[in-house]
Amino acid sequence: MTTETFVKDIKPGLKNLNLIFIVLETGRVTKTKDGHEVRTCKVADKTGSINISVWDDVGNLIQPGDIIRLTKGYASVFKGCLTLYTGRGGDLQKIGEFCMVYSEVPNFSEPNPEYSAQQAPNKTVQNDSSPTAPQPTTGPPAASPAPELPEASPTIHLLDLLAPPTTLSVTAKKPEGAARDSKTFFSLPATNHNPSVC
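One numbering rule holds for all chains: residues counted from 1, following each sequence as written. Only residues with pLDDT of at least 70 are given local features in this predicted model, and only at 80 or more are side-chain atom pairs given and counted; all residues enter the totals for whole chains, interfaces and linings. Side-chain figures throughout are based on the complete set of non-hydrogen atoms in the structure, without hydrogens or water.

**Q** Would you mind showing me how to read the pairing of strand β5 (residues 81–97) here?
**A** Two faces belong to every sheet, and in a regular strand the side chains alternate between them. Pairing geometry for strand β3 (residues 48–55) and β5, over two bridges, is parallel. Its bridge partner being in β5, N51 is matched across the sheet by T83. Between the end of strand β4 (residues 66–78) and the start of β5, which pair antiparallel, lie two residues, with K79 showing a positive phi angle near 55°. When DSSP finds two or more bridges between two strands, those strands count as paired. Helix and strand assignments follow DSSP, with helices taken as H or I runs no shorter than four residues and strands as E runs no shorter than two, numbered in order from the N terminus.

Next up, the structure:
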């Protein structure tokens, strides 16, 4: 039995990945120099979304809503974005459609500066210790730079917005003559029902 990987666990360079995902979007077809058709599709599972690059006939068959099993896939960085591919001997198999729990966020194929830096380590950086000619100043003195603010997270965790979970136990009374204890049949999360709050 093969182990399934979740989208959230995919890192550049991983191989022999086995995933089950739903197709959210199919991109437009582009042609390579040697005539192959390539299409990028956005796919997701319950942990997030990622792009997958599909080639030739397979790309023409995939439709939004398809639930696909990828075997022997691999992950790589293309233009600074984490992308899935079908590896040698790998396979994309449609196993269903429309009915799958998924999350579009976080999108693990968003451009990542860390990946871009790994792809282009040979870029030259100006050496700050090199001598530079003093620049004449005219006009009012330059304002000091604004304080750096923390970067806003693109992902909103809805669970962080909710009150701490509590449990409501539902019990049933036993008929007279039965043991005094009552049993909990199931637990439900308690909710705050306030009609004045929408």
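On we go from here.
**Q** Is there a simple way to think about the nonpolar core in this case?
**A** As a rule of thumb, soluble globular proteins bury nonpolar side chains together. For the purposes of this section, nonpolar cores are sets of buried Ala, Val, Leu, Ile, Met, Phe, Trp, Tyr and Cys residues that join through side-chain atoms within 4.5 Å. Under the scheme applied here, a residue whose accessible area is under 20% of the maximum for its type counts as buried, over 50% as exposed, and between as partly exposed, the area being computed with a 1.4 Å probe on protein chains only. Among the nonpolar cores identified, the biggest contains 20 residues, and I10, L19, F21, I52, L84 and L92 are the most heavily contacted of them. If near-sequence neighbours (up to four positions away) are discounted, L84 is found in contact with I10, L17, L19, I50, N51, I52, S53, L70 and Y74. Contact definition: two residues touch when any of their heavy atoms are within 4.5 Å.

**Q** I keep staring at the layout of surface pockets and nothing clicks. Help me out?
**A** Vacant regions in the atomic arrangement are exposed by a probe of water-molecule size rolled over the atoms. In this model, the largest pocket occupies a volume close to 430 Å³. Put plainly, a pocket is an open set of points on a 1 Å grid over the protein atoms alone with protein on both sides within 12 Å along at least five of seven lines, a cavity is a set where a 1.4 Å probe fits but cannot get out, and a lining residue has an atom within 4 Å of a point. T30, V38, T40, S53 and F78 are, among the 17 residues lining the largest pocket, the residues nearest its centre. Elements represented by at least two residues in the lining of the largest pocket include exactly β1 (17–31), β2 (37–45), β3 and β5. Residues are grouped as follows: Ala, Val, Leu, Ile, Met, Phe, Trp, Tyr, Cys and Pro are nonpolar; Asp, Glu, Lys and Arg are charged; all remaining types, including Gly, are polar. Here the lining of the largest pocket is composed, by residue class, of five nonpolar, eight polar and four charged. Grid points are joined across faces, edges and corners, and a volume is the space filled by probe spheres set on the points.

**Q** Looking at this model, I keep getting lost on the packing of aromatic side chains. Mind explaining?
**A** Aromatic ring pairs are reported here in terms of the distance separating the ring centres and the angle at which the planes meet. Under the pairing criterion, centres of Phe, Tyr and Trp rings, with the six-membered ring standing for Trp, must be within 6.5 Å; the plane angle then separates stacked pairs below 30 degrees from edge-to-face pairs above 60, leaving the rest tilted. The final tally for this structure, using the stated rule, is one aromatic pair. Considering the side-chain rings of Y74 and Y85, the 5.2 Å spacing of their centres and the 20° angle between planes classify their relative orientation as stacked. Placement of Y74 in strand β4 and of Y85 in strand β5 is noted, with a sequence separation of 11 residues between them. Y74 gets classed as partly exposed once you look at its relative accessible area, which sits at 33%.

**Q** What exactly am I supposed to notice about the environment of K79 here?
**A** Among the secondary structure elements, K79 is positioned in the loop between β4 and β5. The spatial distance from the C-alpha of K79 to the C-alpha of P111 is 7.9 Å, given a sequence separation of 32 residues.

**Q** What is the right way to look at the pattern of salt bridges in this model?
**A** The salt bridge criterion pairs a side-chain nitrogen of Lys or Arg with a carboxyl oxygen of Asp or Glu, the two atoms within 4 Å. In total, this model carries five salt bridges according to the counting rule given. With a closest N to O distance of 3.3 Å, K42 and E104 form a salt bridge. With a gap of 62 residues between them, K42 in strand β2 and E104 in the loop between β5 and α2 (113–119) connect regions that are remote in the sequence. Classification of K42 as buried rests on a relative accessible area of 15%. On the basis of relative accessible area, E104 is assigned to the partly exposed category, the value being 38%.

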